[in-house]
Amino acid sequence: MAGTLGREVISTRQRKIAELAQREPKLTLTTLAHHVDEEWMREAYRRTRKDAAPGVDGVTAAHYEADLETNLTGLLERFKSGRYRAPAVRRIHLEKPGTSKTRPIGIPTLEDKILQRAVLMVLEPVYEQDFLECSYGFRPGRGAHQALQALWDGLMEFGGGWVIDLDIEDFFGSVDWGHLRNFLDRRVRDGVIRRAIGKWLNAGVMEAGKLSYPQKGTPQGGVLSATLSNVYLHEVLDEWFEHEVKPRLRGRAFEVRYADDAVLVFEHEDDARRVLGVLAKRLEKYGLRLHPGKTRMVEFCRPSKSKRGGSQRERSFAMLGFTHYWGRSRKGRWVVKRKTATDRFSRALRGIGQWCREHRHWKLREQQVALSRKLQGHYAYYGITGNFQALHRFRFEVERLWRKWLGRRSWRGRMTWDRFACLRNTYPLPAARVVHSVYR
């Protein structure tokens, strides 16, 4: 009950911050850190993941909870007094699907995560009043499926159009700190909070036992990095497109952005070409660079209205793991369809195959439970209207991989499809299903 009451108090404080920020959209807030107290820190700890990998100090949540109140009180005092020293971020690299490149991920320490969460709880109510409707990534109450729905609605309303599939090369590693500080200055100048943000930016990166100090970028994986990236792209892209670009266009246009993944949709080709011609210069002004091989303009019109023809691949684009293309509905009408992008489909199957290989000696019931959870998770994201065929095929491929690795549990021989059919009846996997329907 006490914890619930504390969360209600914090929610009330956040609402007051939001009301002030909404009432005074041009006001620069200089006193925010006083909201962060013991109750605020306890709530920040509650919202912090406890099962995540530890940072450079190796401290886990179980170890930290042994003396939680003392640790949180000490962390709060160091934050307020300025004695808090941000430790280096531990960096690991995750493979990018379909390429030899890797994606760097930063892992802060547990205390860093708690304090960043506390600061985020202060900043979020402020910037939620400023961010535009086109932004969906890492915002409360918004997510990838809302972005996909907004994109689908806009494309259907336009009847297609011209799409700039925008890709920023190494965005999280390219954020210019000088510009970021200027953007933050416009809204938040609280000395305690800004000092902490500066320390996190300058904390350094620990990789393979070596400490380095990058001069730009925000570590991808940090609690606060997503909000800082939204602040950056709000100023660089969203505000510019909404207030400077759209009023100068001949026709309608809209943007949908999820973190650094964005598409710009135009009613007319000449508008799209003009914006594409200045987009690179706009980003370069703030230290960002369009990916030359991934950024492209697509004639996303109904095939009956297309001026150039071309293959379906040339007239489609991908966003958030889905390939968007035109197809016929059951009633014969042209509609925007979405299917699982090829690279995402292949990556998911590789993960399933690796799991089946490593766990093929588990009991069949345990394998069935684990694979069912993986399939349900796949359906929860990719189960959207028009993607049933890809979902059904994914389930079939999972069954095929399961049979393959069950057949290698011993030297006795392969498992035939007849034997597997009997096993599948006893240990069925969940059928493909659409979770997110545009008609609901």
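I will try to describe carefully the structure that is included in this document. Residue positions are given per chain, counted from 1 along the sequence in the order it is written. Since the coordinates come from a predicted model, pLDDT governs what is reported: local features require at least 70, and pairs of side-chain atoms require 80 or more to be given and counted, while whole-chain, interface and lining totals use all residues. Derived side-chain values reflect all non-hydrogen atoms in the structure, with water molecules and hydrogen atoms excluded from consideration.

1. Quick word on the overall build of the protein
Rule in force here: Secondary structure elements follow DSSP: runs of H or I of four or more residues count as helices, runs of E of two or more count as strands, with numbering from the N terminus. Only protein chains enter the accessibility calculation, which uses a 1.4 Å probe; a residue is then buried when its area is under 20% of its type maximum, exposed when over 50%, and partly exposed in between. Any pair of residues with heavy atoms lying within 4.5 Å of one another is described as a contacting pair. Working definition of accessibility: Shrake-Rupley area with a 1.4 Å probe, residue cover restricted to the visible protein chains.
If you tally the helices and strands in the protein, you get 14 helices and 11 strands. Its C-alpha atoms put the protein at 70 × 60 × 45 Å along the principal axes. Relative to its 440 residues, the protein shows a buried fraction of 48%. Put simply, 71% of the contacts in the protein that link residues at least 6 apart link residues at least 24 apart. With an accessible surface of roughly 22700 Å², the protein has 49% of that area assigned to carbon and sulfur atoms.

2. With respect to the packing of aromatic side chains
What counts, and what does not: Two rings belonging to Phe, Tyr or Trp (six-membered ring only in the last case) form a pair when the distance between their centres is within 6.5 Å. Interplanar angles under 30 degrees mark stacking, angles over 60 mark edge-to-face geometry, and anything in between is tilted. Two limits define a charge over a ring: the Lys NZ or Arg CZ must be within 6 Å of the ring centre, and within 35 degrees of the ring normal.
Here the structure, examined in full by the defined rule, presents 19 aromatic pairs. Measuring from centroid to centroid gives 5.8 Å for tyrosine 127 and phenylalanine 131, while their planes differ by 20°, and the two rings are stacked. Of the residues examined, tyrosine 127 reaches a relative accessible area of 4% and is grouped as buried. On the basis of an interplanar angle of 75° and a centroid distance of 5.1 Å, the ring pair of phenylalanine 300 and phenylalanine 317 is categorised as edge-to-face. Taken as a pair, phenylalanine 300 in strand β8 (residues 296-301) and phenylalanine 317 in strand β9 (residues 317-319) lie far apart in primary sequence, 17 residues in all. Judged by its relative accessible area of 0%, phenylalanine 300 falls in the buried class. By way of ring pairs, the aromatic residues Phe171, Phe172, Phe183, Tyr232 and Tyr286 are connected into one cluster. Across from the ring centre of tyrosine 325, 5.2 Å away, lies the NZ or CZ of lysine 339, which sits over that ring.

3. Section: the nonpolar core
Quick note on the threshold: In these notes, a set of buried Ala, Val, Leu, Ile, Met, Phe, Trp, Tyr and Cys residues joined through side-chain atoms within 4.5 Å is what counts as a nonpolar core.
In terms of nonpolar packing, the biggest core is built from 75 residues, with Phe79, Ile114, Ile193, Ile197, Trp200, Tyr232 and Phe266 touching the most fellow members. Setting aside anything within four residues of it in sequence, one finds tyrosine 232 in contact with Phe171, Val175, Asp176, His179, Leu180, Phe183, Tyr286 and Leu288. Counting residues in each nonpolar core, the second largest holds 48 residues, with Leu349, Trp355, Trp402 and Leu406 among its members.

4. Some points on the sheet that holds strand β11 (residues 334-340)
Just so we agree on the cut-off: The criterion for strand pairing is that DSSP finds at least two bridges linking the strands in question. To get an axis, a line is fitted to the C-alpha atoms, and for a helix only the part in contact is used. The angle between two axes follows their N-to-C directions and goes from 0 to 180 degrees.
Strands sit in the order β9-β10-β11 across an open sheet of three strands; the sheet is antiparallel. Where the open sheet ends on each side, the last strands, each with one partner, are β9 and β11. Strand-to-strand twist in this sheet, taken as the mean axis angle between neighbours without regard to direction, amounts to 40°. Both strand β10 (residues 322-328) and β11 contribute to a ladder of seven bridges, which runs antiparallel. Its bridge partner lying in β11, arginine 328 is registered against tryptophan 334. Those strands touched by helix α6 (residues 144-158) are β9, β10 and β11, and its axis lies near 155° from that of β11.

5. A word on unusual backbone geometry
At phenylalanine 138, a position not held by glycine, the phi torsion is positive, near 55°. Mapped onto the elements of the fold, phenylalanine 138 is located in the loop between α5 (110-127) and α6. Taking relative accessible area as the criterion, phenylalanine 138 reaches 47% and is therefore assigned partly exposed. A positive phi angle, near 55°, is found at alanine 259, a position not held by glycine.

6. Some details on the pattern of salt bridges
The cut-off we apply is this: Salt bridges are defined as contacts in which a side-chain nitrogen from Lys or Arg sits within 4 Å of a carboxyl oxygen from Asp or Glu.
Scanning the model with the defined rule gives 25 salt bridges in all. With a closest N to O distance of 2.7 Å, arginine 187 and aspartate 130 form a salt bridge. Residue arginine 187 is found in the loop between α7 (177-185) and α8 (191-201), and its partner aspartate 130 is found in the loop between α5 and α6; the two are separated by 57 residues along the sequence. For the pair arginine 187 and aspartate 130, a shared accessibility class is recorded, and that class is buried. Members of the salt-bridge network, linked through shared partners, are Glu39, Arg42 and Glu69.

7. Considering the packing of helix α11 (residues 342-358) against helix α12 (residues 364-382)
To be explicit about the condition: Roughly parallel means an angle under 35 degrees; roughly antiparallel, over 145; roughly perpendicular, 65 to 115; everything else is oblique. Gly is put with the polar residues, along with every residue not named as nonpolar or charged; the nonpolar set is Ala, Val, Leu, Ile, Met, Phe, Trp, Tyr, Cys and Pro, and the charged set is Asp, Glu, Lys and Arg.
Look at α11 against α12: their axes get within 12 Å of each other, and the N-to-C directions meet at 170°. Our classification of the angle between α11 and α12 gives roughly antiparallel. Contacts between α11 and α12 pair Arg344, Ala348, Ile352, Trp355 and Cys356 from the former with Gln367, Ala370, Leu371, Lys374, His378 and Tyr382 from the latter. Residue classes in the contact of α11 with α12 are distributed as seven nonpolar, two polar and two charged.

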